[in-house]
Amino acid sequence: MTSTNSIASDFHMHSSFSADSSTPMEEQVKAAMARGLSSICFTEHLDLDWPYDNTPADGSDETPFVIDYEAYRGEFQRLQGKYQAYIQLYFGLELGLNLQYQSAIRDYLDQHPDFDFIIGSTHSSRHMDPYYPTFFDGITVEEALRRYFTDALQNVQAMPWFDSYGHLDYILRYAMQQFTEKELRQLLSQRGNCSSAPHSFSDWAYENNKDLIDEILQSLIANHIALEVNTQPLKRGFPETNPGKAILRKYRELGGDLVTVGADAHRPDSVGFGLDAAADLLRACCFTSYVTYSKRQSIRHPL
Ligand SMILES: [Zn+2]
Ligand SMILES: [Zn+2]
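Calculation notes
- Residues numbered from 1 in each chain as written.
- Chains lettered and ligands numbered in written order.
- Predicted model: local features only at pLDDT ≥ 70, side-chain atom pairs only at ≥ 80, totals over all residues.
- Heavy atoms only, no water.
- Pairing = 2+ DSSP bridges.
- Helix = DSSP H or I, 4+ residues; strand = E, 2+ residues; numbered from the N terminus.
- Contact = heavy atoms within 4.5 Å.
- Axes fitted to C-alpha atoms, helices over the stretch in contact; angles between N-to-C directions.
- Donors = N, O, S within 2.8 Å, 3.2 Å for Na, K, Ca; no water.
- Buried < 20%, exposed > 50% of the residue type's maximum accessible area, 1.4 Å probe, protein only.

Undergrad: I keep staring at the sheet that holds strand E7 (residues 259-262) and nothing clicks. Help me out?
TA: Backbone hydrogen bonds are what pair the strands of a sheet, in a parallel or an antiparallel way. Pairing is parallel across the open sheet formed by seven strands, whose spatial order is E1-E2-E3-E4-E5-E6-E7. Both outer strands of the open sheet, strand E1 (9-10) and E7, are each paired with one neighbouring strand and no more. Running at roughly 155° to strand E3 (residues 88-96), helix H2 (residues 69-83) makes contact with strand E2 (39-46) and E3 of the sheet. Contacts from helix H11 (residues 275-284) reach E1, strand E6 (226-230) and E7, with the element oriented near 155° to E7.

Given below as structure tokens:
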């Protein structure tokens with residue numbers, strides 16, 4: 001029997017310092033310890049481009065997705081001191097990429113050099129978030145995907161200032177909900193002949209956007225940026241991680257070998273979720289290690 005190493009680090013996690021989580025940081029730390037993790041990285045949201053055109057109105061024009069940096073840093077350091085004998089804590093950021101805010105994003109990074117790890121994520125496309133179903137109003141799902149990956153490619157090429165690219169096919173979590181189960185079955189069975197037939201919604205989306213996605217992967221590799229395996233979709237019942245197997249295989253085939261893993265937990269019950277499945281998936285895609293980051297430098301761990 002070959003011995004395998006499981007993944008004991010969750011490098012994508014939120015707490016009440018992100019506008020979409022109400023979980024105290026300490027609760028996330030305790031959940032990570034209860035699951036036997038050896039390290040975690042908090043990656044609170046910074047999204048300067050908000051509210052979006054399809055955000056349900058809440059009466060405010062100000063984005064809540066900015067971080068109270070001093071408070072975040074202070075609480076992080078307190079917990080780091082308190083739990084250092086039990087678990088390693090890292091200080092990170094999930095940076096919402098958007099071309100319109102390119103210079104403000106650059107300024108923010110220059111002014112805050114203390115992060116251990118920065119995830120770059122495309123949450124919006126054409127000033128809308130696919131999280132809200134109205135993103136898909138008036139266009140086909142195919143068109144929505146083209147738009148999203150076109151914007152994602154521009155973001156990655158223009159702002160390669162982060163360590164790992166978050167949930168590359170984030171839009172799929174929501175795009176799949178646009179189809180009924182019957183429509184999905186038809187969609188996936190229509191495609192190609194036996195040898196090239198896609199096996200999943202993620203495969204189908206990749207095949208339709210291969211040109212754009214391959215260019216994103218090439219850009220990441222050229223800039224020594226890691227690709228994230230985000231396991232949150234598994235918790236929500238989506239069949240694959242973001243990104244799925246087809247994209248991970250392609251990244252490996254193109255020579256990519258920097259992969260980070262995170263459950264994107266906003267609540268304690270999601271901390272560390274799906275890390276074993278991610279390890280199996282990565283091994284199946286011929287990866288022999290994953291990486292974590294400290295002071296923006298990668299640390300390799302065998303799989
Ligand atoms: Zn995200
Ligand atoms: Zn996140």
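Undergrad: How do you make sense of the environment of Cys41 when you look at a structure like this?
TA: Relative to the assigned elements, Cys41 resides in strand E2. For the pair Cys41 and Val29, spaced 12 residues apart in sequence, the C-alpha to C-alpha distance is 9.8 Å. Discounting residues that sit within four places of it in the chain, Cys41 has contacts with Asp10, Phe11, His12, Met13, Tyr90, Phe91, Gly92 and Phe117.

Undergrad: Would you take a moment to explain the coordination of the zinc ion (ligand 1) for this structure?
TA: Working reference: metal with six octahedral donors, ideal angles 90 or 180 degrees; metal with four tetrahedral donors, ideal angle 109.5 degrees. Within the protein, the zinc ion (ligand 1) binds to Glu94 (OE), His123 (NE2) and His167 (NE2); these donor distances fall in the range 2.1 Å. In this model, the zinc ion (ligand 1) sits 3.5 Å from the zinc ion (ligand 2), the two metals being bridged by Glu94. Taken as a pair, Glu94 in strand E3 and His167 in the loop between strand E5 (164-165) and helix H5 (172-175) lie far apart in primary sequence, 73 residues in all. Judged by its relative accessible area of 1%, His167 is buried.

Undergrad: Just checking my understanding: could you explain helix H1 (residues 25-34) for this structure?
TA: An α-helical segment advances 3.6 residues per turn. Residues three or four places apart therefore align on the same side. Restricting attention to buried positions, one finds in H1 the residues Met25, Glu26, Gln28, Val29, Ala31 and Ala32. Buried positions along H1 lie against E2, H2 and E3. Downstream of H1 by one or two residues, Gly36 has phi in the positive range, about 75°.

Fair warning: the whole summary comes from geometry, so function is off the table for now.
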